[in-house]
Amino acid sequence: MAPASTEPLAPARSAPKRIFELVVSLALALALVPVMALVIVLVRLDSPGPIFFRSRRVGFRGQTLHM
């Protein structure tokens, strides 16, 4: 096995890698949308409360944070 290079890729070599990563991540995100929608529906049917949990917290210098 060749040792790993410690130098960054040249822009001409990094662009195809970046495009590939973006295309694959977008495809995976789109493929997961139906699964996430199904989970949202199942949570809504199973629980009487809201789908997303919301909470107020006290942060730095007493500021109220909405999470």
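Structure: see above.
For clarity, every value in this text was computed on a predicted model and none was experimentally measured.

Rules behind the numbers
- Residues numbered from 1 in each chain as written.
- Predicted model: local features only at pLDDT ≥ 70, side-chain atom pairs only at ≥ 80, totals over all residues.
- Heavy atoms only, no water.
- Helix = DSSP H or I, 4+ residues; strand = E, 2+ residues; numbered from the N terminus.
- Rg over C-alpha atoms; globule rule 2.2 N^0.38 Å.
- Areas by Shrake-Rupley, 256 points an atom, 1.4 Å probe, with all protein chains shown as cover.
- Salt bridge = Lys/Arg side-chain N within 4 Å of Asp/Glu carboxyl O.
- Buried < 20%, exposed > 50% of the residue type's maximum accessible area, 1.4 Å probe, protein only.
- Expected span 1.5 Å × (residues − 1).
- Bend = angle between axes of the 7 residues up to and from the residue.
- Polar contact = N/O pair within 3.5 Å; in protein donor to acceptor, adjacent residues only side chain to side chain.

Engineer: Help me understand the overall build of the protein, please; the structure alone is not making it clear to me.
Structural biologist: Scanning the protein from terminus to terminus reveals 1 helix and 2 strands. Ordering the α and β elements of the protein from the N terminus gives α-β-β. Taking 67 residues into account, the globule formula puts the C-alpha radius of gyration at 11 Å, and the protein, at 22 Å, lies well above it. In terms of its C-alpha atoms, the protein occupies a principal-axis envelope of roughly 55 × 40 × 25 Å. On the protein, roughly 6,600 Å² of surface is accessible, and the fraction owed to carbon and sulfur atoms is 70%.

Engineer: Could you clarify how one ought to interpret the pattern of salt bridges in this entry?
Structural biologist: If the charged atoms of two oppositely charged side chains come close together, the side chains can form a pair. For the structure shown, the criterion picks out 1 salt bridge. Notably, a salt bridge pairs glutamate 21 with lysine 17, separated by 2.6 Å at the nearest N-O pair. Separated by 4 residues within a single helix, glutamate 21 and lysine 17 lie in helix H1 (residues 11-46), roughly one turn from each other. A residue is classified by how much of its surface remains accessible, and lysine 17, at 44% relative accessible area, is partly exposed.

Engineer: What should I look at first to understand unusual backbone geometry in this one?
Structural biologist: The phi angle of most residues is negative, glycine excepted, and most peptide bonds adopt the trans form. Despite not being glycine, arginine 61 has its phi angle at roughly 60°, a positive value. For arginine 61, a relative accessible area of 74% puts it in the exposed group.

Engineer: Would you mind showing me how to read H1 here?
Structural biologist: Counting along an α-helix, one turn takes 3.6 residues, and residues three or four places apart therefore face a common direction. Its 36 residues place the ends of H1 50 Å apart at the C-alpha level, agreeing with the 52 Å of an ideal helix rising 1.5 Å per residue. At valine 33, H1 shows its largest kink, close to 35°, and the proline proline 34 lies no more than four residues downstream.

Engineer: When you look at the side chain of serine 55 in this model, what are you seeing that I'm missing?
Structural biologist: As for its position among the elements, serine 55 is in the loop between H1 and strand E1 (56-58). The exposure class assigned to serine 55 is buried, which follows from its relative accessible area of 15%. A distance of 3.1 Å separates polar atoms of two side chains, one belonging to serine 55 and the other to arginine 57.

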